[in-house]
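So the chains spell out like this:
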Amino acid sequence: MRLFKSGDKKRVSRWWIDLAINLVVTLIAFTLSLFASERSKINAKKATAWNVAQVTLSNIDELINNYEVVTTYYDDFRDQYNLIKEYYKRNERVPDSTCNEFVDYIEGWDVFATNRSPEMTFNTTFELWDYLENIPLIRRIGNCYAYSNAFQELYNRDLQLIANLSLSGQLDKLLDPHQKLHAIMNHIPFRNYMERSGATSSAYHSMIERMKIMNNQNKIDMGVSDKDLDDLIAPLHWAAGEDEDCIFIVGPSL
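The shown structure was predicted, so the numbers you read here are calculated from the model rather than taken from an experiment.

(A) Up close: the packing of aromatic side chains. Enumeration over the complete set of coordinates arrives at 12 aromatic pairs. By the ring-pair criterion, three or more aromatic residues cluster together here, those being Y67, Y74, F77, Y81, F102, Y105, F151, Y155, F190 and Y204. Lying across the ring of Y87, R90 places its NZ or CZ 5.2 Å from the centre.

(B) Inspection of helix 3 (residues 117-124) at higher detail. Buried within helix 3 we find P118, E119 and F122. For helix 3, the arc enclosing every buried residue in end-on projection is 100°, short of the 170-degree limit, so these residues lie on one face. Seen from the buried face of helix 3, the exposed residues on the opposite side, beyond 90 degrees, are M120 and T124.

(C) Highlighting the nonpolar core. Counting residues in hydrophobic clusters, the biggest one holds 48 residues, and the most contacted among them are F102, I106 and F190. Those elements that provide at least two residues to this core are helix 1 (6-89), helix 2 (96-107), helix 4 (126-129), helix 5 (135-168), helix 6 (177-185), helix 7 (188-195) and helix 8 (197-222). Ranked by residue count, the leading element in this core is helix 1, at 13 residues.

(D) The arrangement of the side chain of N218 in detail. Counting through the fold element by element, N218 comes out in helix 8. Leaving out residues up to four positions away in the same chain, N218 has contacts with L57, L137, R140, I141 and C144.

(E) Spatial organisation of the packing of helix 2 against helix 6. As a packed pair, helix 2 and helix 6 sit with axes 9 Å apart at the nearest point and diverge in direction by 60°. Relative to helix 6, the element helix 2 lies oblique. Handedness of the helix 2/helix 6 crossing: left-handed. Contact residues: D96, C99, N100, F102, V103, I106 and E107 in helix 2; P177, H178, K180, L181, I184 and M185 in helix 6. Per-class residue counts for the contact of helix 2 with helix 6 are 8 nonpolar, 2 polar and 3 charged.

(F) View of the pattern of salt bridges. Across all of its chains, the model carries 9 salt bridges by this definition. With its nearest N and O atoms 2.4 Å apart, the salt bridge here joins K212 to E68. One end of the pair, K212, is in helix 8; the other, E68, is in helix 1, with 144 residues separating them in the sequence. On the accessibility criterion, E68 (28% relative accessible area) is partly exposed.

(G) How the structure looks around unusual backbone geometry. One non-glycine residue, N91, lies in positive phi territory at about 55°. By the secondary structure assignment, N91 is in the loop between helix 1 and helix 2. Taking the relative accessible area as the measure of exposure, N91 reaches 71% and is therefore exposed.

(H) Spotlight on the confidence of the model for the protein. With 67% of its residues at a pLDDT of 70 or more, the protein shows a mean pLDDT of 77. Within the protein, strand 2 (residues 237-238) has the poorest average pLDDT of any element, 36, and helix 8 the best, 94. The model gives residues 234-254 a pLDDT under 50, and that stretch makes 64 contacts with residues more than four places away or in other chains.

About the thresholds
Residues numbered from 1 in each chain as written. Predicted model: local features only at pLDDT ≥ 70, side-chain atom pairs only at ≥ 80, totals over all residues. Heavy atoms only, no water. Phe/Tyr/Trp six-rings, centres within 6.5 Å; stacked < 30°, edge-to-face > 60°. Lys NZ or Arg CZ within 6 Å of the ring centre and 35° of its normal. Buried < 20%, exposed > 50% of the residue type's maximum accessible area, 1.4 Å probe, protein only. Helix = DSSP H or I, 4+ residues; strand = E, 2+ residues; numbered from the N terminus. Arc of directions from axis to C-beta. Core = buried A, V, L, I, M, F, W, Y, C linked by side-chain atoms within 4.5 Å. Contact = heavy atoms within 4.5 Å. Axes fitted to C-alpha atoms, helices over the stretch in contact; angles between N-to-C directions. Parallel < 35°, antiparallel > 145°, perpendicular 65-115°, else oblique. Left-handed = near helix turned anticlockwise from the far one by under 90°. Nonpolar A, V, L, I, M, F, W, Y, C, P; charged D, E, K, R; others polar. Salt bridge = Lys/Arg side-chain N within 4 Å of Asp/Glu carboxyl O. pLDDT = per-residue confidence, 0-100.

Now the structure itself:
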């Protein structure tokens, strides 16, 4: 039986110490590398979330601008109706220019397309938004899109009523604008709708104002200005036909 000498024991002990040190160093290096890799991934996801959020805020501003145009046309449409109603009360002939403009409002509904991609991204990538680490911001963005969808739902309902008016009144069979105007003004469902149009206009303005307030706070939270967002949004464009993702403007054909 071979006995370890004192020098052998020291060499064996040193070998185990060196091995332990190497293992610890390797483990520390691996841990640091893993930590750095995970930190890099987190930072990359935070940067992506930040960029997507900026595009989202810019998209909300675009929607607000679209809805303000829609509401301006709608209010002008209401003013024209009320003006014509006064002529009817006095049994006076409606001026040709006023008659033609109002008939154009009814027959000239244009389709205005909006970019829905940022909203879809927001609705389908909630794990990304966690990296913003700002729950109130995320909730406000969601509320902005909720108001946006409510605006479009209300407006498309109004659009359908106008479409029904054109069909039921058979306006395309009438050639004279004053005959068309007479058919429009004597269409009971349309007159009933116009009596409620003040409340509808108020709802439009209220939803727009709520979106403005919330998105302004979103910009404050993110520390971005309108100028920072200007280059992020595509220009507004007119669509060639109807699409389920479109909103609709009432007004004279351009």
